[in-house]
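Coordinates in review
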Amino acid sequence: MYVRTFSLRDFRSWEAVSLNLAPGPTVFLGRNGHGKTNLLEALGYLSTLTSHRVSGDAPLLRTGTSRALVGAVVVNGGRELGIDVEINEGRPNRGRINQSPTRRPREILGILRTVLFAPEDLSLVRGDPGDRRRFLDELLATRIPRMSGVRADYDKVLRQRSALLKTAGGALRRGSRSGDGANALATLDVWDGHLAAHGSELLAARVALLHELAPHVAEAYRSIAPESRPVLLRYRSTVGEALPPEFADPDRAPLSDDREVIEAAFLTRLAQARTKEIERGVCLVGPHRDELDLILGDQPAKGFASHGESWSFALALRLGAFSLLRADGTDPVLMLDDVFAELDRRRRTALAAVAASAEQVLITAAVPEDVPAELAAVRFGVRAEDTDRGRLSALTALDGDDPAQPDLDGTVDGALR
């Protein structure tokens, strides 16, 4: 799989750009803050419909604009598909496949598969549980696009049920069981069923994914840090206490009836937690509160791993994801955002070896010396200038080559009018 053409309009610091890409390494060189990361962020958005840098879409729009357009032509096994996304302020986003509108933007998921390694990935090891849950869910949606819809449905039910818990809790604190509080209590059972139905599907899919992913991560870590302690991934669920004991075994292979078993356990745990949830006004059980434990030796990596070990673990998670997607039969596009400067020689060598084997790898760096020699192929310069329309990025010439010029009638501008 590779991206043949790539276009942006009004995304971050890019007013308009369209460029052709090819298999193999492509390097974007430029000083920090000049917009090179924005290019990889945009491609990552086409792949996951999320940014690796921010949680919402508003920062993705160029200052003073109300929409951004991102488009690409993706080649997979000789078949070409064009995908476009329009990111809107105050309106739903829109997607297109081969210029045909989709009912929902998430219908483009799975067409472009990417794995992005960036300095922010250190949070996978040292950050909050939400960072690790997001890692799992994005990889899950890449492999099984419909799981994005399952997660969206779960989040909707979670918001509704949380509102009911707050209403019921408020009524109890006032000493009243009438009115809204009584209605909330009466309907909680219904919403418990919805939450367990969607949550059990998401939880079963995460557990199955982790069973496949864990060996790839362990192998990647061994290749990066052979002298270090072995690593282990373990899923810790808030439903776990009600599950059969064998579910706690990280090596347990998923079974066809896992979802039904998890759903029954989910309902049991919701019943057990009902009083505490009403008192606190929050939902305490479900995938939104689960944790992916990263174990180094016999200790949690968070809090015990050194800086170098944390970098190795973060890199192993991304390389493990790349290896798993490759095992599915298609190389994802590998994107490396200014990371070689952060790594020591051994980690640089390990990452460069994987990158050199990828069908397409896109790299950003501040200076050419940050890019291993075997990956220095097609190069683009990136430079930003402050204008009366804000800070704008542009591609520039390197070593006498002609820069790629914005194509104002390119893929993005012709889509989603």
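This text goes with the structure placed above it.
The structure displayed is predicted, hence computed values, not measured ones. (Residues numbered from 1 in each chain as written. Predicted model: local features only at pLDDT ≥ 70, side-chain atom pairs only at ≥ 80, totals over all residues. Heavy atoms only, no water.)

**Some points on the overall build of the chain**
Counted only if it meets this: Only DSSP runs of H or I covering at least 4 residues are called helices, and only runs of E covering at least 2 are called strands; the numbering of each starts at the N terminus. Only C-alpha atoms enter the radius of gyration, while the globule expectation follows 2.2 Å times N to the 0.38, with N the number of residues. Remark: exposure states derive from per-residue accessible area (1.4 Å probe, protein chains only) relative to the maximum for the residue type, with buried under 20%, exposed over 50%, and partly exposed in between. Should any heavy atoms of two residues lie within 4.5 Å, those residues are considered in contact. The method behind every accessible area is Shrake-Rupley, applied with a 1.4 Å probe, and residues are considered shielded solely by the protein chains displayed. His is not counted, nor are the chain ends, whereas Lys and Arg count as positive and Asp and Glu as negative. By convention, charge coordinates are those of NZ in Lys, CZ in Arg, CG in Asp, or CD in Glu.
Looking only at helices and strands, the chain has nine helices and 15 strands in total. Here the C-alpha atoms of the chain give a radius of gyration of 23 Å, agreeing with the 22 Å that 2.2 N^0.38 yields for 417 residues. Across its three principal axes, the chain shows a C-alpha extent of roughly 75 × 55 × 40 Å. Sorting the 417 residues of the chain into buried and exposed places 53% on the buried side. The long-range fraction of contacts in the chain, counting pairs at least 24 apart against all pairs at least 6 apart in sequence, stands at 72%. Accessible surface computed for the chain: about 18,600 Å², of which carbon and sulfur atoms make up 49%. Looking at charge distribution, the chain has the averaged site of its 54 positive side-chain charges lying 4 Å from that of its 58 negative ones.

**Here we look at the packing of aromatic side chains**
What counts, and what does not: Between 30 and 60 degrees the pair is tilted, below 30 it is stacked and above 60 it is edge-to-face, where a pair is any two Phe, Tyr or Trp rings, Trp via its six-membered ring, whose centres lie within 6.5 Å. The criterion for a charge sitting over a ring is simple: Lys NZ or Arg CZ within 6 Å of the ring centre, and within 35 degrees of the ring normal.
One pass over the full model with this rule turns up three aromatic pairs. With a centroid separation of 5.5 Å and an interplanar angle of 20 degrees, the aromatic rings of Phe28 and Phe380 are classed as stacked. Of this pair, Phe28 sits in strand β3 (residues 24–29) while Phe380 sits in strand β14 (residues 378–387); the two residues are 352 residues apart in sequence, bridging distant segments of the chain. Ring centres 5.8 Å apart and planes at 85 degrees place the aromatic pair Phe117 and Trp311 in the edge-to-face group. You can see Phe117 sitting in strand β8 (residues 114–117) and its partner Trp311 sitting in helix α8 (residues 307–327), a full 194 residues away along the chain. Trp311 carries the same exposure label as Phe117, and that label is buried. Against the face of Phe247 rests Arg252, its NZ or CZ located 3.9 Å from the ring centre.

**Focus: helix α9 (residues 345–357)**
Put simply, the test is: To estimate how far a helix should extend, the number of its residues minus one is multiplied by 1.5 Å.
With 13 residues, α9 should cover 18 Å at 1.5 Å per step; its first-to-last C-alpha distance of 19 Å lies within 8% of that length. Looking only at α9, the buried set comprises Arg347, Ala350, Leu351, Ala352 and Ala355.

**Some words on the pattern of salt bridges**
Note the following rule: When a carboxyl oxygen of Asp or Glu is within 4 Å of a side-chain nitrogen of Lys or Arg, the pair counts as a salt bridge.
This model, assessed by the stated rule, comprises 35 salt bridges. A salt bridge links Arg62 to Glu15; the shortest N-O distance between them is 3.9 Å. In this pair, Arg62 is assigned in the loop between α1 (36–48) and β4 (67–76) and Glu15 in strand β2 (residues 14–20), connecting sequence segments 47 residues apart. Its salt-bridge partner being Arg383, residue Glu385 comes within 3.9 Å of it at the nearest N-O pair. Here the residues in one salt-bridge network are Asp10, Glu15, Arg62, Asp388 and Arg389, joined through shared partners.

**A short note on the sheet that holds strand β5 (residues 79–88)**
The line we're drawing: A pair of strands is labelled paired if DSSP reports no fewer than 2 bridges between them. In this analysis, axes come from line fits to C-alpha atoms, helices being fitted only over the stretch in contact, and the angle between any two N-to-C directions falls in the range 0 to 180 degrees.
Strand order in the open sheet formed by six strands is β2-β1-β4-β5-β6-β7, with antiparallel pairing between adjacent strands. Lying at the two open borders of the sheet, with one neighbouring strand each, are β2 and β7 (100–101). Of the strands in this sheet, β1 (2–11), β2, β4 and β5 are in contact with α1, which crosses β1 at around 110 degrees.

**Describing the sheet that holds strand β10 (residues 291–296)**
Read from one edge of the open sheet, three strands run β9-β10-β11, paired in antiparallel fashion. With one partner strand each, in any of the chains shown, β9 (231–236) and β11 (299–300) form the two edges of the open sheet. The sheet contact formed by β10 and β11 spans two bridges and is antiparallel. The partner of Leu296 across the bridge, within β11, is Gln299. Together, β9 and β10 form the strand contacts of helix α3 (residues 129–143), whose direction differs from that of β10 by roughly 100 degrees.

**Remarks on the packing of α3 against α8**
Cut-off, in case you're wondering: In what follows, roughly perpendicular refers to angles from 65 to 115 degrees, roughly parallel to angles under 35, roughly antiparallel to angles over 145, and oblique to any angle outside these ranges. Put simply, a crossing is left-handed when the front helix is turned counterclockwise from the back one by less than a right angle, and right-handed when it is turned clockwise.
The contact between α3 and α8 brings their axes to 11 Å, and the two run at 15 degrees. The angle between the axes of α3 and α8 places the two elements in the roughly parallel class. The hand of the α3/α8 crossing is right-handed. The residues of α8 that touch α3, namely those facing Phe135, Leu139, Thr142 and Arg143, are Leu317, Arg318, Ala321, Leu324 and Leu325.

**Considering the pairing of β2**
The buried fraction of β2 is high, at five of seven residues. Across six bridges, β1 lies against β2 in antiparallel orientation. Paired with Thr5 across the two strands is Asn20, which belongs to β2. A loop of two residues connects β1 with β2, the two strands running antiparallel in sequence, and Arg12 in this loop sits at a positive phi of about 55 degrees.

**Some words on helix α6 (residues 258–280)**
Counted only if it meets this: Bend is the name given here to the angle between axes fitted to two runs of seven residues, the run ending at a residue and the run starting at it.
Bending of α6 peaks at approximately 55 degrees at the position of Ala273. When we look at burial in α6, the residues that qualify are Asp258, Ile262, Ala265, Phe266, Arg269, Leu270, Ala273, Arg274, Glu277 and Ile278. Gly281 sits one or two positions beyond α6 and adopts a positive phi of about 70 degrees.

**Some remarks on the side chain of Asp137**
Spelled out, the test is: The definition of a polar contact used here is a pair of N or O atoms within 3.5 Å, where within protein one atom must be able to donate a hydrogen and the other to accept one, and adjacent residues in sequence count solely through side-chain atom pairs.
Within the secondary structure, Asp137 sits in helix α3. Looking at Asp137, its side chain comes within polar contact range of the side chain of Arg151, at 2.5 Å. Here Asp137 is in contact with Arg151, Leu202 and Arg206, once residues within four sequence places are set aside.

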